[in-house]
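Fold and geometry: a report
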Amino acid sequence: MVTALTIICLLGGLFFFVVGTVGLIRLPDTFTRMHATTKCDTLGLGLVFLGLALHSGLTFSSAKLGLVVLFIWITNPTATHVIAKAVYDTQQQQGGVDTDV
Amino acid sequence: MRIITYLLSLFGFWIIISETTHWQHLLVGGIVAVVVALLNRAYMIEISMHRYQLKNLVWIVTILGKLIRDMVVANFQVARIVLSREMPINPQVITLGCGPLEIPVSKTFLANAITLTPGTLTLDITENSFIVHCLCEESASNILLDDHVEKFCRLEGIELDE
Amino acid sequence: MQPIFIGTAIVLMISVFVCLYRAIVGPAPADRVISINVIGTKTVAIIALMSFALNEEFFLDVAMVYALISFIMTIGVAKYLEYNDID
């Protein structure tokens, strides 16, 4: 039972990671690529680590995995926001108010 | 009060990292936590915690549940867009007001929540509005944002007049 | 369980190489930063998977430190993109 849940979680995480990669390759410009990568990476990593924690049970390893997931869930949107702000400010400074990129 | 919270979180981090509850490890961890907390006293972030009252913290659970549900919806939306053949996107930049929120911590977490909800990405935070990049159309994201703002206001204890 | 962990790690490694395409070709510098950020997240997942596949618990500490360093690297490069300076 636990094994089946672990496999389902790992496969789901893998699916979202692959979707993020395909989005990174296929989408046309910088901001839309950010849409794909930040969402899919956050949920994909959460699902993979949930699967590993289910496999490991209630141990210190699970606590460490939870700590890493908490950290990534806070930092991944923040890092994306910092990059997006840098790109947006640079575009504004160059005078190109192209809001529909 | 703030220093005690900091000290307790450091001690919990020590226990998780050292993977044991032997009393010698706990003693060393306690000493290290106190020393580190005292040395870093000057660098602690000024969070005005007086708005976050204990009865309002119940809303954190609601916010987390809604956030996880939104993340799953957003991922399936991205998957549908990316894996379809012609990619139906219509990107645009819009500005959204952030309501009566005041505390920077709330604004930061609201910005992160906007990034993780379907079809939106926070570009910039100004004094009282967010600049948001939308993937498709803005109607759906607007409704979601209002819901989020309301929940964060409840967390801060602001009375809504509606 | 071990083959499943190793198989997942292998698929993730292949997708890391696909991401490298965007890091090399990507027209704007920001595209390269995004793709390196994605590779960092995937590396954390690969390290955790290998830790369970090899039964080496201390690899999880490595994953934690890698997540921290990857975040700081992204912040530094984004600051360089915006101001052309890291000070």
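Relevant structure appears above.
The structure presented is a predicted model; accordingly, all values stated were derived computationally and were not measured.

About the criteria used
- Numbering of residues begins from 1 in every chain and follows the order in which that chain's sequence is written.
- Written order determines the labels here, with chains lettered from A and ligands numbered from 1.
- Thresholds applied to this predicted model are a pLDDT of at least 70 for local features of residues and 80 or more for the giving and counting of side-chain atom pairs; totals over whole chains, interfaces and linings are not thresholded and use all residues.
- Hydrogens are left out, water is left out, and the side-chain values use all remaining heavy atoms of the structure.
- At least two bridges found by DSSP between two strands are what make those strands a pair.
- Secondary structure elements follow DSSP: runs of H or I of four or more residues count as helices, runs of E of two or more count as strands, with numbering from the N terminus.
- The convention used is that axes are lines fitted to C-alpha atoms, helices contributing only their stretch in contact, and that angles between N-to-C directions extend from 0 to 180 degrees.
- Throughout, a residue-residue contact means that at least one pair of heavy atoms, one from each residue, lies within 4.5 Å.
- Partly exposed residues are those whose accessible area sits between 20% and 50% of the maximum for their type, while under 20% is buried and over 50% is exposed, using a 1.4 Å probe and protein chains only.
- Angular relationships are summarised with four words: roughly parallel below 35 degrees, roughly antiparallel beyond 145, roughly perpendicular across 65 to 115, and oblique for the angles in between.
- Polarity classes work like this: nonpolar for Ala, Val, Leu, Ile, Met, Phe, Trp, Tyr, Cys and Pro, charged for Asp, Glu, Lys and Arg, and polar for all others, with Gly in that last group.
- In this tally, Asp and Glu contribute negative charge and Lys and Arg positive charge; neither His nor the terminal groups of the chain are included.
- Salt bridge criterion: a side-chain nitrogen from Lys or Arg within 4 Å of a carboxyl oxygen from Asp or Glu.
- Under the rule applied, a polar contact is a pair of N or O atoms within 3.5 Å (in protein, one hydrogen donor and one hydrogen acceptor; residues adjacent in sequence only if both atoms are side-chain atoms).

1. Considering the sheet that holds strand β3 (residues 129–134) of chain B
Here we have 3 strands laid out as an open sheet, ordered β1-β3-β2 (chain B), and antiparallel in their pairing. With partners counted over all chains shown, the strands left at the sheet margins are β1 (92–97) and β2 (120–125) of chain B, one partner each. Taken over all neighbouring pairs, the strand axes of this sheet differ in orientation by 30° on average, direction set aside. As judged from the 6 bridges shared by β1 of chain B and β3 of chain B, these two strands associate in the antiparallel manner. Each bridged residue has a counterpart across the sheet, and for valine 93 of chain B the counterpart in β3 of chain B is histidine 133 of chain B. Contacts from helix α3 (residues 60–93) of chain A reach β1, β2 and β3 of chain B within the one sheet, and its direction differs from that of β2 of chain B by about 65°.

2. Description of unusual backbone geometry
The phi angle of most residues is negative, glycine excepted, and most peptide bonds adopt the trans form. For asparagine 55 of chain C, which is not a glycine, the phi torsion comes out positive at approximately 60°. Classification of asparagine 55 of chain C by relative accessible area gives exposed; the value is 69%.

3. Re the packing of α3 of chain A against helix α3 (residues 59–83) of chain C
Where α3 of chain A contacts α3 of chain C, the axes come no closer than 9 Å and their chain directions differ by 10°. In this view, α3 of chain A runs roughly parallel relative to α3 of chain C, as classed from their interaxial angle. Considered class by class, the residues forming the contact of α3 of chain A with α3 of chain C number 17 nonpolar, 5 polar and 5 charged.

4. A short note on the environment of alanine 36 of chain A
Its place among the elements puts alanine 36 of chain A in helix α2 (residues 30–56). On a C-alpha basis, the gap between alanine 36 of chain A and valine 22 of chain A in space is 8.7 Å, while along the polypeptide they are 14 residues apart. Non-local contacts of alanine 36 of chain A, meaning those with residues more than four positions away in its chain, are made with Gly20, Gly23 and Leu27 of chain A together with Val78 of chain B.

5. A short note on the side chain of arginine 22 of chain C
Topologically, arginine 22 of chain C is positioned in helix α1 (residues 2–25). Within the buried core, arginine 22 of chain C has no salt-bridge partner, and the shortest N-O distance to an opposite charge, that of aspartate 31 of chain C, equals 5.3 Å. Polar side-chain contacts of arginine 22 of chain C include one of 3.1 Å to the backbone oxygen of leucine 24 of chain A. Not counting chain neighbours up to four residues away, the residues in contact with arginine 22 of chain C comprise Leu24, Ile25 and Arg33 of chain A together with Pro27, Asp31, Arg32 and Ser35 of chain C.

6. Notes on the pattern of salt bridges
Counting across every chain of the model gives 5 salt bridges over all chains. Notably, a salt bridge pairs arginine 33 of chain A with aspartate 31 of chain C, separated by 2.8 Å at the nearest N-O pair. Of the two residues, arginine 33 of chain A is situated in helix α2 and aspartate 31 of chain C in helix α2 (residues 29–54); the pairing between them involves two chains. One salt bridge in this structure joins aspartate 70 of chain B and lysine 66 of chain B, with 3.6 Å as the shortest N-O distance. Of this pair, aspartate 70 of chain B and lysine 66 of chain B both sit in helix α3 (residues 58–83), 4 residues apart, which is roughly one turn of that helix. Given the relative accessible area of 6%, lysine 66 of chain B is considered buried. Taken together, the salt bridges that share partners define one network made up of Lys85 and Asp89 of chain A together with Asp124 of chain B.

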